Amino acid sequence: MAPHVGNILPTTWSGLISGSAALILLIGVAAAAWRVIYSLCFHPLKHFPGPWYTACTSLPLGIAGLSRSEPAWLCSLVEKYGKNGTPIRIAPDLLLFHKARQLRDIYWDAACNTKGGIYQHEAIGPTSLFTTTGADDHRKLRKALGGAFWSVGTLKKTWEGRIDELVVNWVANRRRDEEIGKPVVLSNKTSEFAADVMTMVLFTTPWGFVRNDRDERGMLHAWRAGTGLFGLAVRWRFLREVVLGSRLMRDYLLPKLTDEWGNGWLMAQGMREISNRHGRLSKEKEGTDTQRLANMTLFIQAGADTTGTGLGATLRLILKHPDVLAKVCEEIAAADTKGVLSNPVVQYDEAKQHLPYLSACIRESLRLHSPIPNLFSRLVPPGDGKTIDGFHIPAGTEMLSHAVVVQQLDTDAFGPDAAEFRPARWLEGGEARAARMEACMYTFGMGPRGCLGKELALMELHKLVPEVLRRFGVEVLEEGQYCACGGIAYLQPGLLVRLTSRG
Ligand code: HEM
């Protein structure tokens, strides 16, 4: 008897479906197998050491960033594979350089000023100074946004007095905490201070982090919460190019201008500032409002929690080491007795001149606990490739370094105790040794794309750190922890203290 048509169709369809699924699976397995074989046996970087799986996919790097284990993981790879300074293959096209002597050849060579694909995450926001990959475009934009404005001279003349006002108000807030016996997460409060400095420098009037003594609109909280996705997208090509490349996913995952808090609110408020006021970025002649907004967002994100973390981490390291704390307090008291520190707020130049040990603590903290231990890659230009430290690097390779790896492991550059917090290293051997170590520092990046706000960050550090220790005795309730998620560091849990005004 001929089978009923209704019975035949499902059988045919299910056969077709399982046949197609098997075919797709087979193609998938073959593609994965080919990828492994190509990556390990034919890829131009096949000779560089590293785990086999990082040679085949960038996912492990993404997972390390997301799981907050990246600095420790990269250090372990260097210990295992990095003999004689050999660069390590940490993703299919990515080499990690871990000796300070190698950095100049990567970051100061104009021919390598093109940023690698790792930066090309337009999917998670319009292009800014930071994500502009081409060297020429970058140079022009940096000129338009930078120049004298961020130099130490202009900062001292135009902004130091305004920063002092914020310090005074911040100290008054801490006195109020003391009056009501409230412990305070000092590292969060330092980030709020730095966020207000940033919004003030960009828009003349600070956005109220210090005035209201809170994380305005949860901006800092949202920034930290977003570092995981941001870091994963930067590291894992599939997420960056395929998932976030789709409009639907972008709309779902990324902040919106209608948000009442966090990064969405930051962008909306930035948009209002740009169109209504004559702040710093509205004077910029080049670019559309969208580009101005992208740069404004960049400046706040690059300069707020980063500097806040620098401040919190420095205070934490000083407080963790009683001998160091005693020396810093002695130095401040001696300078005060001599009358060489201004009141109510120490000036940047005074701190550098009269508080050398405190200044060394700041350098040492930035060395060990970089606020942005991120992956900033540069591309080897087309042609014959490039030789660095005796290693030939093929054209098209992405090269990068890592602040924690270089600054904690390179004993040639920082001494046999490089991994230890020992501020005195910056004062031994005079200016020449300090300058040599400074040249090996990667905390603020290097070369034409180095940090635009370095002097502003250092000014904040040389003002707020001494003022905290000058005005208060500090009892540490919980020392907190330095952690890095997606290449961005903060203290989590934070540094919890109780403050007592000094007599
Ligand atoms: C302790 C605090 C800070 C640290 C550790 C830090 C670190 C860095 C690093 C490592 C880079 C280089 C990235 C690369 O090679 O692509 C960078 C770039 C940048 N930083 Fe900072 N930064 C800090 C504070 C600031 C501040 C206060 C500002 C505010 C103006 C700022 C604005 C920028 C900008 C605009 C760039 C991009 C420069 C370019 O691509 O030309 N940063 N920063």
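Residues numbered from 1 in each chain as written. Predicted model: local features only at pLDDT ≥ 70, side-chain atom pairs only at ≥ 80, totals over all residues. Heavy atoms only, no water.

Under an unreviewed UniProt entry, the chain has the name Cytochrome P450 monooxygenase and belongs to Apiospora phragmitis. Listed under Cofactor (unreviewed entry) in UniProt, the entry text for the chain is "heme". (UniProt positions renumbered as here; feature names shortened; annotations may be inferred.)

**Digging into the overall build of the chain**
Scanning the chain for helices and strands turns up 21 helices and 11 strands. Taken over C-alpha atoms, the radius of gyration comes to 25 Å for the chain, in line with the 23 Å a tight globule of 503 residues would show. Overall, the C-alpha framework of the chain stretches about 105 × 55 × 45 Å when taken along its three principal axes. Expressed as a percentage of the 503 residues in the chain, the buried residues total 52%. With the model as given, the accessible surface of the chain reaches about 22400 Å², and the carbon-plus-sulfur share is 59%. Charge separation in the chain, taken as the distance between the mean sites of 58 positive and 51 negative side-chain charges, equals 3 Å. (Helix = DSSP H or I, 4+ residues; strand = E, 2+ residues; numbered from the N terminus. Rg over C-alpha atoms; globule rule 2.2 N^0.38 Å. Buried < 20%, exposed > 50% of the residue type's maximum accessible area, 1.4 Å probe, protein only. Areas by Shrake-Rupley, 256 points an atom, 1.4 Å probe, with all protein chains shown as cover. Lys, Arg positive; Asp, Glu negative; His and termini not counted. Charge placed at Lys NZ, Arg CZ, Asp CG, Glu CD.)

**Here's the deal with the coordination of the iron atom of the ligand**
When a metal carries six donors in an octahedron, the ideal angles between them are 90 or 180 degrees, while four donors in a tetrahedron ideally lie at 109.5 degrees. Just one protein atom coordinates the iron atom of the ligand, and that atom is Cys-451 (SG), at 2.3 Å. You can see Cys-451 is positioned in the loop between helix 20 (430-440) and helix 21 (454-471). (Donors = N, O, S within 2.8 Å, 3.2 Å for Na, K, Ca; no water.)

**Re the UniProt feature "transmembrane region" (unreviewed entry) in the chain**
In the numbering adopted here, UniProt assigns the feature "transmembrane region" (unreviewed entry) to residues 12-37. As a span, residues 12-37 carries 100% helix and 0% strand, and end to end its C-alpha atoms are 37 Å apart.

**Topic: helix 17 (residues 356-368)**
What sets the pattern is the α-helix's 3.6 residues per turn: residues three or four places apart point alike. Over its 13 residues, helix 17 runs 18 Å from end to end, which matches the ideal 18 Å to within 8%, given 1.5 Å per residue. Within helix 17, 11 of the 13 residues are buried, which leaves it mostly tucked inside the rest of the structure. Taken as a whole, helix 17 has its buried residues at Tyr-357, Leu-358, Ser-359, Ala-360, Cys-361, Ile-362, Glu-364, Ser-365, Leu-366, Arg-367 and Leu-368. Structurally, helix 17 contributes buried residues whose contacts are with helix 14 (305-320), helix 15 (322-338), helix 16 (348-354), helix 18 (403-409), helix 19 (411-414) and helix 21. (Expected span 1.5 Å × (residues − 1). Contact = heavy atoms within 4.5 Å.)

**A short note on the pairing of strand 1 (residues 88-91)**
As paired elements, strand 1 and strand 2 (residues 94-96) share three bridges and run antiparallel to each other. Residue pairing for strand 2: Ala-91 is matched across the bridge by Leu-94. A loop of two residues connects strand 1 with strand 2, the two strands running antiparallel in sequence. (Pairing = 2+ DSSP bridges.)

**With respect to the sheet that holds strand 2**
Read from one edge to the other, the open sheet built from four strands follows the order 1-2-7-4, with strand pairing classed as mixed. Edge strands, defined here as strands with exactly one partner in the open sheet, are strand 1 and strand 4 (378-379). When strand 2 meets strand 7 (residues 398-400), the two strands line up parallel, connected through three bridges. What sits directly across from Leu-95, in strand 7, is Met-399.

**Concerning the pattern of salt bridges**
Counted under the stated rule, the structure contains 32 salt bridges. The partner of Arg-316 in a salt bridge is Glu-479, and the shortest N-O contact between them spans 3.6 Å. With Arg-316 in helix 14 and Glu-479 in the loop between strand 8 (472-478) and strand 9 (482-485), this pair connects stretches of sequence that are 163 residues apart. By relative accessible area, Arg-316 is classed as buried at 7%. Owing to a relative accessible area of 36%, Glu-479 belongs among the partly exposed residues under this scheme. Beyond isolated ion pairs, a larger network of salt bridges with shared partners links Arg-174, Asp-177, Lys-182, Lys-189, Glu-192 and Asp-213. (Salt bridge = Lys/Arg side-chain N within 4 Å of Asp/Glu carboxyl O.)

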